[in-house]
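For reference, the chains in residue letters:
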Amino acid sequence: MSLTTGIVGLPNVGKSTLFNAITKQKILAANYPFATIEPNVGVVVVPDKRLDFLNELYKPASLVPTTFEFTDIAGLVKGASKGEGLGNKFLSHIREVDAIVEVVRCFEDKNIIHVENDINPIRDIETIALELILADLEIVDNRLNKIGKKATMSKDKEIKKEADLLTKLKAALENSQNIRELDLTEDELKLIKPYNLLTAKPIIYMANVSEADVKGNAYVDQVRDYADRTGAKVVVVCAKIEEELSELSEEERLEFLSALGIEESGLDQLIHASYSLLGLKTYFTAGPDEVRAWTFKDGMKAPECAGIIHTDFERGFIKAEVMSYTDLEACGSEKAVKEAGKMRLEGKDYLMQDGDICYFRFNV
């Protein structure tokens, strides 16, 4: 299952440094706007300690963790919705992602230029928010102009429903409200999905701090307050430290984090938060040949999850042999799980759970 989070922000807030750390790729990180022109895509491993236990238990020939895709998108400037800076190019790239990580500068450094010449995280957040709102408003207006007259004259209930929803969205956007903040029904969300509205995408604010402020500062507090009001999440990261951590061995990395008094790196927190933001969970397949983690969306049934491995698995699905990771860890072996009566056969209506370990039975 391929899902992408886009990393966005104003120029010189630390996006490319963060992206370097996430992917261990050495892309251009320069002290001037638009150092990143084309979106850089990186696939990262989702940290999951359960794989360590499964690897030790099964000793497989291959161990495959689940992954997540981050896209680093060129810095946005005021007026992007009208074509300023990289304008429409930025907006087209961000439309393609499933969720947004907005890097917000929460550190002082006279050697790194800020496009507004001072540090004000809420102003920066609102600058980007306004550009995204204006871009969405243009799409909504265009669609309303196309179907508005038809909706008033036609007896087509679907067209009228769409026009009514668009009118509701337009009012919200004109009131500087993000679509994600509206209490939309499942039917309404399905109806607007083809529009790929920017402000409907879930968002995490990544507060980028200095080495001295890894546990937060006054700027971070401002971002948290803003996020609480708008239903967003916040992760505090020092991009410089994360880049240093990316160069270390796992043992050195743990020692460094311990010295800083941090249990989990900012990047691990960001990956987990992004994973959670999109409602993603993990199930496993396990055996002597391979132990593998698979990403699925919360609410998916067993046949759909089987289809993530191969479409034939979904098409010919019969049953899923399932045990939970917690039961396997507690019992110590598959045999013990079976003897405890905790191995189950589940059918087509079974809702997959995070941590399920599955063997799919199918026939095509």
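Residues numbered from 1 in each chain as written. Predicted model: local features only at pLDDT ≥ 70, side-chain atom pairs only at ≥ 80, totals over all residues. Heavy atoms only, no water.

J.: Teacher, can you tell me more about the pattern of salt bridges here?
T.: Pairing is possible between side chains that carry opposite charge, provided their charged atoms lie close to one another. The final tally for this structure, using the stated rule, is 19 salt bridges. A salt bridge links K160 to D164; the shortest N-O distance between them is 3.2 Å. Remark: D164 and K160 occur in helix α5 (residues 157-174); sequence separation between them is 4 residues, near one turn of the helix. Note that R253 is salt-bridged to E250, the shortest N-O span being 3.6 Å. Of this pair, R253 and E250 both sit in helix α9 (residues 250-260), 3 residues apart, which is roughly one turn of the helix. Overall, the relative accessible area of 15% leaves R253 in the buried class. One network of salt bridges, with partners in common, ties together D48, R50 and D354. (Salt bridge = Lys/Arg side-chain N within 4 Å of Asp/Glu carboxyl O. Helix = DSSP H or I, 4+ residues; strand = E, 2+ residues; numbered from the N terminus. Buried < 20%, exposed > 50% of the residue type's maximum accessible area, 1.4 Å probe, protein only.)

J.: Honestly, the nonpolar core in this entry has me stumped. Any pointers?
T.: Within soluble globular proteins, side chains that are nonpolar tend to cluster in buried spots. Formed by 57 residues in total, the largest nonpolar core has its most connected members in L18, F70, Y205 and L270. For L270, the contacting residues outside a window of four places in its chain are L18, I22, F70, V101, I204, M206 and V235. (Core = buried A, V, L, I, M, F, W, Y, C linked by side-chain atoms within 4.5 Å. Contact = heavy atoms within 4.5 Å.)

J.: Quick question: what am I supposed to make of the environment of E158 here?
T.: Its location among the elements puts E158 in helix α5. Spatially, the C-alpha atoms of E158 and L191 are 9.7 Å apart, while their sequence positions differ by 33 residues.

J.: So what exactly am I meant to see when it comes to empty space enclosed by the protein here?
T.: Over the atoms a probe the size of a water molecule is rolled, and this reveals where empty space is left. As enumerated under the stated definition, the model contains 1 cavity of 30 Å³ or more in all. The volume enclosed by the largest cavity comes to roughly 60 Å³. Counting residues per element, the lining of the largest cavity draws most heavily on helix α4 (residues 121-153), which supplies 3 residues. By residue class, the composition of the lining of the largest cavity is 5 nonpolar, 2 polar and 2 charged. (1 Å grid on protein atoms, 1.4 Å probe; cavity = no way out; pocket = protein on both sides within 12 Å on 5 of 7 lines; lining within 4 Å. Points joined across faces, edges and corners; volume = space filled by probe spheres on them. Nonpolar A, V, L, I, M, F, W, Y, C, P; charged D, E, K, R; others polar.)

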